[in-house]
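Chain by chain, the residues run as shown.
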Amino acid sequence: MTHPAIEALLKEERVFPPPDSFRRQANVREESVYEEAAKDRLKFWEKFAAELHWFKPWKQTLDWNLPHAKWFVGGRTNLSFNCLDRHLIRGRGDKKAILWEGEPGDQRSLTYAELHREVARFANALRSLGIRRGDRVTLYMPMVPELAVAMLSCARIGAAHSVVFGGFSAEALRDRINDSQSKLVVTADGGWRRGSVIPLKANVDEALSGAPTVEGVIVFKRMDGKVPMKGGRDLWWEEALKGQGDSSPAEELESEEMLYLLYTSGTTGKPKGIVHTTGGYMVGCYATTKWIFDLKEEDCFWCSADIGWVTGHSYVVYGPLLNGATTLMYEGAPDHPEGDRFWKIIEKYRVSVFYTAPTAIRAFMKWGDQLPKGRDLSSLRLLGSVGEPINPEAWIWYHEIIGGGRCPIVDTWWQTETGHILISPLPGITTLKPGSATRPFPGIEAEVVNDQGELSESGYLVIRSPWPGMLRGIYGDPKRYQEIYWSRIPGVYFTGDGCKRDRDGYFWLLGRVDDVLKVSGHRLSTMEIESALVDHPGVAEAAAIGKHHEIKENAIVAFVTLKSGVAGSPQMEAELKEHVAKKIGAIARPDHILFAAELPKTRSGKIMRRLLRDIAEGRVLGDTTTLADATIVQSLKEKYEDKEG
Ligand code: PRX
């Protein structure tokens, strides 16, 4: 790893113990929680599970048959019941569940009683459309409360939701619908993003031209409703709700029944449908939200992630609602209409716990201190970071300028696959080091190992034993599940992340060691981008890599060999960028494309991406002795330097 940001990370020496005022009020104050959990991990999780509602108690806490885990076996429960009914029963129906602000500035809020009612009615609508326990429903929605309503309604009736981020293209949506064999799609006539309307319904129409399993589409009216509706297939949200009663029994689901599928990028061209189930995921989200975000009755919690990603699933919807907290949702972009939109929201809603991504923090830094300084951020008491390593400079800025020097920062490491946070400070006890996610959550056995699986100061991050929210598989592909996560180092979960431990045992995450890229916090695979490029009729071969980028973490650079007779013109470059955006979504549009007569390959024909990265980042070329033809890479380097300066 030679990124300047990572070098800075490894030289970081500053420490920040929790302020006394924070420590005194924290949910967790005793260091002994770590030893207690280590002594009996199952008991640790059972205690949290017992705080939740079970229609039928579990018989066995964990059934572990590597790589298959079952948690709370024999227990019956329901996430929607635990997020809603449980609070109503305890007389907390008037508490605000969701505060929402649309990008144009419109506002809504729902109490727990109101949210319960909406969910019951929508769950009844789903049932009357023939959606049953075990079915899959794709949700392709803007960030509106109805997205949370739809998720909780699916959970209520035992149908698995598959949320597809609104930034994905029609083709990407179609692939995900088909892989999950969804019966129903829930969407909207549009959603706001930086002042423009995302044409969600039009994308659904295009996707459904090749999605035979879908029988119906429910459309939420966010805009003016001027979208074509297909008779016999499409139904407005309001129409679907008409006549639906506001009571709807929650299915008593087996702990291991599927709660949701969420597609994420791996190291091949095909996204993986990560499977999460009910009981364990529920307990993991509940526990980590309670302890890491230190939630209290009066808190206003804002996780700025889109619900289209796992962070939104676990920490916009399920974690906060399981805890009976108030969760804030914002529909749009952080710089609309101006770069202080987030700070205005914090000021307006008196947000007390704020959770965002390093890529956003670095953009805020660039937009200037005057924006946050012009707003009252005194309601904040705790900050969080997720999605990528946070460079110490951004950490210090976040701490000083946003947190006023008084708020601890929880740098939380986890993945779509892990379901909930696995490595993070506990804000009332952990001494923070900027750039380090610090220590595994109690009950989590994380380690750093070398290629042979031996403990090592730096190497791969692995998890040694199962945890409640872990993925249960890749939808429809058990073999791939075993291979990707449990075979690289036999017997342990392979995260795909590089990591280093310091003398205090702190974990310093160093980014991916595989072909997964983070671009502005979005997870993409280089193979997916390459498949999209070679899908273009003019392209013979392509290699995509990530180049270090100050704000986005990675910029996408694609090296492309065109078919003979096709010219590498600026028009072709624009066309290829557009092609990738159409195949995957605008998030995957390459930043740079370089046409190459040939790509550097080993004698066995493998493209040497490492050398392409050296070229893109302007480094001296690494070892070229294994190349079939070393002149290719040298001429490519000269060409790149000529073009990009
Ligand atoms: O590389 C790690 C990075 O994000 C990857 C997981 O991405 P995704 O499944 O999209 O989930 C993101 C939100 C949980 C990890 O393999 N990552 C996530 N959090 C951190 C991180 N890297 C360093 N520090 C973190 N706090």
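Numbers given to residues run from 1 along each chain, matching the order in which its sequence is written. Thresholds applied to this predicted model are a pLDDT of at least 70 for local features of residues and 80 or more for the giving and counting of side-chain atom pairs; totals over whole chains, interfaces and linings are not thresholded and use all residues. For the side-chain quantities, the full set of heavy atoms in the structure was used; hydrogens and water were omitted.

Undergrad: Would you take a moment to explain the domain arrangement of the chain for this structure?
TA: Interfaces are often sized by the accessible area lost when the parts come together. Segmentation of the chain into domains returns domain 1 (20-443) and domain 2 (520-644). An automatic or database domain assignment is the source of the domain bounds shown. For domain 1 and domain 2, the distance between their C-alpha centres works out to 35 Å. Should any heavy atoms of two residues lie within 4.5 Å, those residues are counted as being in contact. Each partner contributes to the interface: domain 1 provides 26 residues, whereas domain 2 provides 20 residues. Two parts lose some accessible area (1.4 Å probe) when they are put together, and adding that loss for both gives the buried area. With both sides pooled, the region where domain 1 packs onto domain 2 buries about 1,700 Å², and carbon together with sulfur makes up 47% of that total. We count a salt bridge whenever a side-chain nitrogen from Lys or Arg sits within 4 Å of a carboxyl oxygen from Asp or Glu. At the boundary of domain 1 and domain 2, one finds three salt bridges. Here Glu171 ties to Lys583 by a salt bridge, and the two come within 2.7 Å at their closest N and O atoms.

Undergrad: Explain the sheet that holds strand E18 (residues 353-356) here, please?
TA: What links the strands of a sheet is backbone hydrogen bonding, and the strands pair in either a parallel or an antiparallel sense. Taken together, seven strands build an open sheet; the order of strands is E5-E4-E17-E16-E18-E19-E20 and the sheet is mixed. The open sheet terminates on both sides in strands that have one partner only, identified here as strand E5 (107-111) and strand E20 (409-412). Here the average twist between neighbouring strands, direction ignored, is 20°. For two strands to pair, DSSP has to find at least two bridges joining them. Counting from the N terminus, the helices are the DSSP runs of H or I reaching at least four residues and the strands are the DSSP runs of E reaching at least two. Two strands pair when backbone bridges link them, and E18 and strand E19 (residues 382-386) are joined in this way by four bridges, in the parallel orientation. Directly across from Tyr355, in E19, lies its bridge partner Gly384. Here the axes come from fitting lines to C-alpha atoms, over the contacting stretch only for helices, and the angles between their N-to-C directions go from 0 to 180 degrees. Strands in contact with helix H6 (residues 112-128) are strand E4 (96-101) and E5; relative to E5, the strand with the most contacts, it is inclined by about 90°.

Undergrad: Sorry, what's going on with the nonpolar core here?
TA: Nonpolar side chains in soluble globular proteins tend to end up buried together. Core analysis: the biggest nonpolar cluster contains 151 residues, and Trp45, Leu115, Trp237, Phe293, Tyr318 and Val560 have the highest contact counts within it. The greatest single-element share of this core, amounting to nine residues, is contributed by helix H7 (residues 145-157). Residue-level mapping places this core at the junction of two domains, with at least three residues from each of domain 1 (20-443) and domain 2 (520-644). Core analysis: the second largest hydrophobic core is formed by 30 residues, Tyr330, Phe342, Trp343 and Ile396 among them. Residues belong to a common nonpolar core when they are buried Ala, Val, Leu, Ile, Met, Phe, Trp, Tyr or Cys residues joined through side-chain atoms within 4.5 Å. For the exposure calls, accessible area comes from a 1.4 Å probe over protein chains only, and a residue counts as buried if that area is under 20% of its type's maximum, exposed if over 50%, partly exposed in between.

Undergrad: In this structure, what is going on with helix H13 (residues 341-349)? I would like to understand it.
TA: Arg341, Phe342, Trp343, Ile345, Ile346 and Tyr349 are the residues of H13 that are buried. The first or second residue beyond H13 is Arg350, which carries a positive phi of 55°.

Undergrad: So what exactly am I meant to see when it comes to the sheet that holds strand E24 (residues 493-501) here?
TA: Read from one edge to the other, the open sheet built from four strands follows the order E21-E22-E24-E25, with strand pairing classed as antiparallel. Looking at which strands have only one partner, the edges of the open sheet turn out to be strand E21 (446-449) and strand E25 (507-512). For this sheet the average axis-to-axis angle between neighbouring strands, irrespective of direction, equals 45°. Bridge analysis of E21 against strand E22 (residues 458-463) gives four bridges, and the strand direction is antiparallel. Bridging across to E22, Glu447 finds its partner in Val462.

Undergrad: Quick question: what am I supposed to make of the site of the ligand here?
TA: Around the ligand, the structure places 17 residues, and the nearest of them are Asp411, Thr412, Thr416, Arg512 and Arg523. For this analysis, a polar contact is any N or O atom pair within 3.5 Å, provided that within protein one partner can donate a hydrogen and the other can accept it, and provided that sequence-adjacent residues contribute only side-chain to side-chain pairs. Here Thr412 contributes a backbone N or O atom positioned 2.7 Å from a nitrogen atom of the ligand. Within the complex, the protein chains bury 96% of what would otherwise be the 540 Å² of accessible surface of the ligand. Asp, Glu, Lys and Arg are counted as charged, while Ala, Val, Leu, Ile, Met, Phe, Trp, Tyr, Cys and Pro are counted as nonpolar; the rest, among them Gly, fall into the polar class. Residue composition of the shell around the ligand, by class: six nonpolar, five polar and six charged. Any residue with a non-hydrogen atom lying within 4 Å of a molecule or strand is treated as near it. The protein chains shown are the only cover counted for residues, whose accessible areas, like all others here, come from Shrake-Rupley with a 1.4 Å probe.

Undergrad: I keep staring at the pattern of salt bridges and nothing clicks. Help me out?
TA: When their charged atoms lie close together, side chains carrying opposite charge are able to pair. Applying the stated rule across the entire model yields 57 salt bridges. Arg503 is the partner of Glu13 in a salt bridge, and the nearest nitrogen-oxygen pair spans 3.7 Å. Note that Glu13 is positioned in the loop between helix H1 (4-11) and helix H2 (20-25) and Arg503 in the loop between E24 and E25, a separation of 490 residues in sequence. Of the two residues, Glu13 and Arg503, both sit in the exposed class. Residue Lys643 pairs with Glu644 through a salt bridge whose shortest N-O separation is 3.6 Å. Relative accessible area serves as the criterion here: at 40%, Lys643 is assigned to the partly exposed category.

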